[in-house]
Amino acid sequence: KNTKGGWAAVFPDRLPVWAHRVRNYFNREPRFLMRLSDDWSQSWLAFVYKRPRDRSSESKMQKFKRIMALTDYVYRDEVHTNWFQMSPGGAIYHFKEIGNETKEGIYQELLGQSLTPIFKLVSPDDTGGSMETIIINRGIGIKYVNVPGVLPPVPFGIKDAEVIGDVNVPMPIVKSILDIERYQGSYNYAETVDLGNADHDRLDVTPHKDTNRYKMYVNPTDRFTPLKSRQFPKDVKGETIPLAEQT
């Protein structure tokens, strides 16, 4: 629980390799999303941002990134879990290779969601972390997507590429979830809007960048199953070191 410090207390230093590789065993993605009304969205956004946290070590830039991380749009899935749509600048790692994070984030923010090929949604939990799902923005067409293997555009209710579906109308999104491993949604041990940018960089961003040490995920067979039904694998096919010993 985050009242005990959450994942940031469990992993106060460098994230172990095994923890990075199994992170998606904590990531349950939605089958349906229903956009909430403006008043309900604002209520849930206020709840997330007003959680009591120690911000004493947060720099001005880190505070800016945290405050600007979310948009005004909140969704609810088929098991009544809330999902928050992130700003375009926070979605850049999920559709292209990044050089200068700050410059490219600002540039994507200026382009806006209507020129961003994916939607990034997060669902903060009670650990300081969050589940994550990446949904193809079919409202803008394939010409803006430079990710190989993305499905061709198929209309499914996106209004002018800014949001997913209409208010209070459940939308099936399974076929639009991005499943290219390098860009797919992955569990965050430190959600930016909850624990801040420093912990997010340490536990989530840095392991993804350091592919020589951390390699890629070991994913559950079904990304939609309840977390309580999942079991961690002991070994990885083709590897000689047991997963739990990869530190």
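On a predicted model such as this, the values are computed, not experimentally measured, just so you know. Throughout, a residue's number is its position along its own chain's written sequence, starting from 1. For a predicted model such as this one, the threshold for reporting local features is a pLDDT of at least 70, and the threshold for listing and counting side-chain atom pairs is 80 or more; totals across whole chains, interfaces and linings nevertheless cover every residue. Only hydrogens and water are removed before side-chain values are computed, so all heavy atoms of the structure are retained for them.

(A) Spotlight on the pairing of strand β1 (residues 32–35). The side-chain alternation of β1 yields one buried face, formed by Leu 33 and Arg 35, and one unburied face, formed by Phe 32 and Met 34. Pairs of strands are assigned from DSSP output, requiring at least two bridges between the strands. Put simply, DSSP marks the helices as runs of H or I at least four residues long and the strands as runs of E at least two long, and each gets a number from the N terminus on. The sheet contact formed by β1 and strand β6 (residues 171–172) spans 2 bridges and is antiparallel. Following the sheet pairing, Leu 33 is matched in β6 by Met 171. One ladder, built from 3 bridges, connects β1 with strand β2 (residues 70–77); its direction is antiparallel. Partly exposed residues are those whose accessible area sits between 20% and 50% of the maximum for their type, while under 20% is buried and over 50% is exposed, using a 1.4 Å probe and protein chains only.

(B) Examining the environment of Ser 176 more closely. Along the polypeptide, Ser 176 turns up in the loop between β6 and α6 (192–195). In the structure, Ser 176 is positioned 145 residues away from Arg 31 in sequence and 9.8 Å away in space, judged by C-alpha atoms.

(C) How the structure looks around the nonpolar core. The term nonpolar core refers to a set of buried residues drawn from Ala, Val, Leu, Ile, Met, Phe, Trp, Tyr and Cys, joined through side-chain atoms within 4.5 Å. Core analysis: the largest hydrophobic core is formed by 24 residues, its most contacted members being Leu 33, Ile 164 and Tyr 189. At the level of elements, α1 (6–10), α2 (17–21), β4 (118–124) and β5 (130–136) are the ones that each hand at least two residues to this core. Contacts are assigned to residue pairs that have any heavy atoms within 4.5 Å of one another. Not counting the four nearest positions on each side in its chain, Tyr 189 is found in contact with Trp 7, Phe 11, Leu 15, Ala 19, Arg 23, Phe 26, Gly 128, Gly 129, Leu 195, Leu 203 and Asp 204. Membership of the second largest hydrophobic core comes to 10 residues, among which are Leu 45, Val 48, Leu 70 and Phe 84.

(D) Layout of the pattern of salt bridges. Any Lys or Arg side-chain nitrogen located within 4 Å of an Asp or Glu carboxyl oxygen qualifies as a salt bridge. Within the structure shown, the criterion is met by 9 salt bridges. In this structure, Arg 23 and Asp 204 form a salt bridge, with 2.8 Å as the shortest nitrogen-oxygen distance. Here Arg 23, found in the loop between α2 and β1, pairs with Asp 204, found in helix α7 (residues 197–209); they are 181 residues apart in sequence, far enough to count as distant.

(E) Highlighting helix α3 (residues 38–49). For a helix, the expected span equals 1.5 Å multiplied by the number of residues minus one. Here α3 spans 16 Å end to end across 12 residues, near enough to the 16 Å set by a 1.5 Å rise per residue. Listed as buried for α3 are Ser 41, Leu 45 and Val 48. Summarising the axial view, the buried residues of α3 lie within an arc of 60°, below the 170-degree limit, and thus occupy one face. Opposite the packed face of α3, turned more than 90 degrees from it, sit the exposed residues Asp 39 and Trp 40. The arc in question is the one traced by the directions running from the helix axis out to the C-beta atoms.

(F) Broad picture of the sheet that holds β5. Read across the sheet, 6 strands follow the order β5-β4-β3-β2-β1-β6 without closing on themselves; strand pairing throughout is antiparallel. At either end of the open sheet lies a strand with only one pairing partner, and these are β5 and β6. Both β4 and β5 contribute to a ladder of 7 bridges, which runs antiparallel. In the sheet register, Lys 120 faces β5, and the bridge partner there is Ile 134.

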